[in-house]
Amino acid sequence: MPDGSESESRKLLGRLRDTMAEEAAGQARLDKITHLTADSMGTEVCSVYLFRDEDTLELCATEGLKQEAVHHTRMKLGEGLVGRVARTGKMVNTADAPSERGFRYMPETGEEIFSSFLGLPIQRLGEKLGVLVVQTKAKREFTSDEIYALEVVAMVLAEMAELGAFIGEGAALKARHTQAAMIRGVTGQEGTAEGHVWLHEPRVVVTNLVSDDPKRERERLKTAVEKLRVSVDEMLAGASGEQLEVLEAYRMFANSKGWRKRMEEDIDRGLSAEAAVEKEQSAARARMGQVTDAYLRERLHDLDDLSNRLLRILTGQGSETGAEMPADPILIARNIGPGELLDYGRRLRGIVLEEGSVGSHAAIVARALAIPLVIRADRVLTEALNGDHIMVDGDQGLVHLRPDESVVSAFRDKIAMQAQAQERYASIRQKPAMSICGKQINLFMNAGLLADLPSLPSSGAEGVGLFRTELQFLIRNQMPRRTELVEVYKRVMDSAGDKPVIFRTLDIGSDKVLPYMKPNDEPNPALGWRAIRVGLDKPGVMRMQIQALLRASEGRPLSVMFPFVAQYEEFRAARTEVDKALAIERKLGHKVPETITIGTMLETPSLAYASKKFFEDVAFISIGGNDLKQFFFAADRENERVRRRYDTLNVSFLTFLEGIVQRCSETGTALSFCGEDAGRPIEAVCLAAIGLHKLSMRPASIGPVKSLIMRTDLDALYDVICDARERGEQSVRESVLDYLRWNG
Ligand code: PEP
Ligand code: MG
């Protein structure tokens with residue numbers, strides 16, 4: 001296209017559209033496209049290379065290279081200039097290809113006589129599909145108009161590949177999304193599941209890529225952007241907190257002249273409005289892969305979401321595509337809110353998120369529902385299609401999409417073994433967790449949602465050792481009313497029957513930010529204004545909550561504890577709030593609990609060194625190992641880099657915990673442990689061995705923990721721990737594992 005005009009590129013697009021409309025086999029279509037492109041651009045060569053597997057490209061069609069090379073010439077990712085384009089996803093434009101770093105001569109193609117080379121990735125919404133190349137004998141660099149024209153051809157090729165337009169013989173011409181893919185993520189909730197993909201937000205399918213009526217397409221785009229703006233403004237009107245920040249970014253993009261202008265230019269060059277939106281979206285996705293700054297990535301994600309909304313307006317495709325949810329759905333989403341997840345509820349077999357974090361609210365809900373969850377599963381959204389066969393390994397943080405037979409059978413073996421183990425656990429459900437040396441360990445479950453309660457009888461827990469009341473606040477869009485809380489707490493106590501429930505008052509702040517409360521701009525939220533600190537400084541919500549608990553008990557015994565108490569005085573002040581609420585309830589003539597037991601979490605090292613009086617005064621202490629460990633080792637529990645750096649079985653931490661056990665036994669203070677480590681069998685037996693005889697954990701962990709306790713001599717294990725400590729080992733884990741291997 002030597003003159004590089006818009007009308008030339010429109011002409012090329014028009015010819016491509018005619019090719020798409022023709023009835024032809026995949027190969028014939030590809031041949032025609034390479035021919036047309038070379039012809040329109042005035043180049044001797046145009047070639048299409050497609051991926052035949054994850055890291056091999058295959059020459060699938062060419063104009064100008066030897067035809068014998070088609071489906072024979074292959075290269076690895078990164079190999080030669082074509083491989084370089086495929087690996088980096090970036091264009092190569094050179095007048096002198098043979099002198100380029102990494103140039104590879106392929107005699108079978110007769111390539112040596114071509115000097116200039118322009119290669120572009122063929123990709124759709126961040127998914128790499130192949131490489132498109134034009135070459136000429138004459139030494140020259142390609143102009144920006146030529147690059148643009150080739151970009152558009154690459155985009156059309158990508159869309160056509162998505163629509164299955166090239167399906168033919170050979171792996172490289174296989175239909176998209178038919179190959180097996182393994183995606184590595186991070187464990188969000190253990191467990192394994194097999195099922196079929198259910199996309200939370202299904203992809204928008206664009207079928208009309210090309211248009212020769214730019215005026216009409218510009219008009220369509222204008223109307224759609226207008227609608228988008230109105231809908232963003234409407235959403236903004238009812239938004240607050242973090243949501244507000246996202247919507248402000250939406251509004252900024254929706255009003256962005258640059259964004260709109262780029263799309264209009266694409267339309268002028270022959271794209272339909274939808275294709276123009278998608279081209280911008282693809283560019284944003286490609287940038288997303290390269291940006292490391294978290295804030296910028298978030299904004300690019302916002303732009304991506306906004307593009308999806310715009311595409312839905314233009315195509316008229318809502319989130320409802322008419323597709324039926326499979327009977328065994330595995331939910332795939334970029335991220336999902338806790339409320340939306342609860343709407344799906346236990347119907348889901350598994351969840352895979354492209355983002356998310358271990359402590360996110362979605363992860364908390366997934367845990368409550370005991371649904372295997374993999375987070376940070378990179379590219380899962382681009383790879384997965386509704387209805388794909390999928391296997392989720394929450395233990396390893398792995399996802400197998402469209403798995404082949406060998407993976408399927410290995411995975412099913414694993415599921416079968418887990419099912420057998422579950423049967424074993426069910427058989428000991430009614431038995432006490434009695435160790436070989438005759439020590440009974442009391443096992444309780446952690447909960448936070450009504451959805452957790454059905455697990456109480458089925459897990460064999462003796463009660464709820466930690467009810468995280470903040471979850472009821474986190475899953476709502478607005479502050480729950482007292483009457484609503486009374487209802488929830490009542491239902492919790494009703495379902496627990498005569499089993500005890502320890503309610504922990506609101507633990508917000510740090511990672512637990514309420515969507516409807518103004519976020520505090522704190523430099524270090526984990527060490528900031530959170531939990532009981534908020535409760536004491538702004539007691540309104542805590543008072544309302546305590547009142548709701550008192551009323552919900554309807555005279556039944558009540559146990560309450562406070563989160564994040566760092567010194568005696570905080571406990572005393574919080575308890576005074578309960579006393580005051582109690583006095584008010586009495587005055588109002590309401591029935592009050594027959595007994596109230598008031599304890600505290602121990603989550604900061606400082607509380608372990610509080611005065612003896614504190615230990616005498618408090619009714620019970622529950623060690624929140626998750627927080628306690630992060631402060632003990634100064635290692636953020638949310639930070640993947642340091643989260644696992646220090647072992648719970650590190651001798652320093654165990655010795656510290658043992659000190660707390662001793663202090664409590666001196667004063668006869670009831671003590672339990674309710675961090676995540678209580679639910680890990682090896683950790684749990686060690687905690688029991690050093691004297692923590694009451695453990696509270698995820699319901700699904702009770703079976704495995706009980707089973708190991710019943711096979712362990714805790715006294716002997718304690719000796720193993722002491723010996724390892726004396727030998728100067730950093731962590732007692734290896735010695736403990738050795739011991740359990742031979743004796744457990
Ligand atoms: C803990 O810190 O161990 C704990 C149980 O509380 P949370 O995980 O809710 O912070
Ligand atoms: Mg905590």
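This is a predicted model, so every value here is computed, not measured. (Residues numbered from 1 in each chain as written. Chains lettered and ligands numbered in written order. Predicted model: local features only at pLDDT ≥ 70, side-chain atom pairs only at ≥ 80, totals over all residues. Heavy atoms only, no water.)

Engineer: For this particular structure, what's the right way to read the coordination of the magnesium ion (ligand 2)?
Structural biologist: The textbook angles at a metal center are 109.5 degrees for a tetrahedron of four donors and 90 or 180 degrees for an octahedron of six. Ligation of the magnesium ion (ligand 2) by protein atoms is provided by Glu603 (OE) and Asp627 (OD), these donors lying 2.0 to 2.1 Å from the ion. Pair noted here: Glu603 is in the loop between β20 (596-602) and α20 (605-608) and Asp627 is in helix α22 (residues 625-633), with a separation of 24 residues, a long-range link. Here Glu603 and Asp627 have matching classes, each one buried. (Donors = N, O, S within 2.8 Å, 3.2 Å for Na, K, Ca; no water. Helix = DSSP H or I, 4+ residues; strand = E, 2+ residues; numbered from the N terminus. Buried < 20%, exposed > 50% of the residue type's maximum accessible area, 1.4 Å probe, protein only.)

Engineer: How do you make sense of the packing of helix α25 (residues 681-689) against helix α28 (residues 733-743) when you look at a structure like this?
Structural biologist: In helix packing, the relevant descriptors are the interaxial angle and the interaxial distance, both defined with respect to the helix axes. It is the contact of α25 with α28, at a shortest axis distance of 11 Å, that shows an interaxial angle of 95°. Taken together, the axis directions place α25 and α28 in an arrangement best described as roughly perpendicular. Residues Ile682, Glu683, Val685 and Cys686 of α25 touch α28, and the partners they reach there are Arg733, Val736, Leu737 and Leu740. Partitioned by chemical class, the residues of the contact of α25 with α28 number 6 nonpolar, no polar and 2 charged. (Axes fitted to C-alpha atoms, helices over the stretch in contact; angles between N-to-C directions. Parallel < 35°, antiparallel > 145°, perpendicular 65-115°, else oblique. Contact = heavy atoms within 4.5 Å. Nonpolar A, V, L, I, M, F, W, Y, C, P; charged D, E, K, R; others polar.)

Engineer: Just checking my understanding: could you explain the environment of Ser357 for this structure?
Structural biologist: Its location among the elements puts Ser357 in the loop between β11 (350-353) and α11 (361-368). C-alpha separation for the pair Ser357 and Asn335, spaced 22 residues apart in sequence, amounts to 9.6 Å.

Engineer: I keep staring at the sheet that holds strand β3 (residues 74-76) and nothing clicks. Help me out?
Structural biologist: Through backbone hydrogen bonds, the strands of a sheet pair up, either in parallel or in antiparallel fashion. In spatial order, the strands read β3-β2-β1-β6-β5-β4; together these 6 strands make up an open sheet with antiparallel pairing. Every other strand in the sheet has two partners, leaving β3 and β4 (92-94) as the edge strands with one partner each. This sheet shows a mean twist of 25° between the axes of neighbouring strands, independent of strand direction. In this sheet, β3 lies alongside strand β2 (residues 56-63) in antiparallel orientation, the contact comprising 3 bridges. (Pairing = 2+ DSSP bridges.)

Engineer: Would you explain helix α19 (residues 568-587) in this entry?
Structural biologist: Each α-helix turn comprises 3.6 residues. Residues three or four places apart therefore point the same way. Taking 1.5 Å of rise per residue, 20 residues should cover 28 Å, and α19 covers 29 Å from first to last C-alpha, within 8% of that figure. On its buried face, α19 sits against α17 (532-537), α18 (540-553), β19 (558-562), β20, α20 and α21 (612-617). Looking one or two residues beyond α19, the residue adopting positive phi is Gly589, at roughly 80°. (Expected span 1.5 Å × (residues − 1).)

Engineer: Sorry, what's going on with unusual backbone geometry here?
Structural biologist: Backbone phi values are negative for most residues with the exception of glycine, while trans is the configuration of most peptide bonds. One non-glycine residue, Ala370, adopts positive backbone phi at about 55°. Positionally, Ala370 belongs in the loop between α11 and β12 (373-375). Backbone geometry places Arg376, a non-glycine residue, at a positive phi of 50°. Locating Arg376 in the fold gives a position in the loop between β12 and α12 (380-383). Using a relative accessible area of 35% as the deciding quantity, one classes Arg376 as partly exposed.

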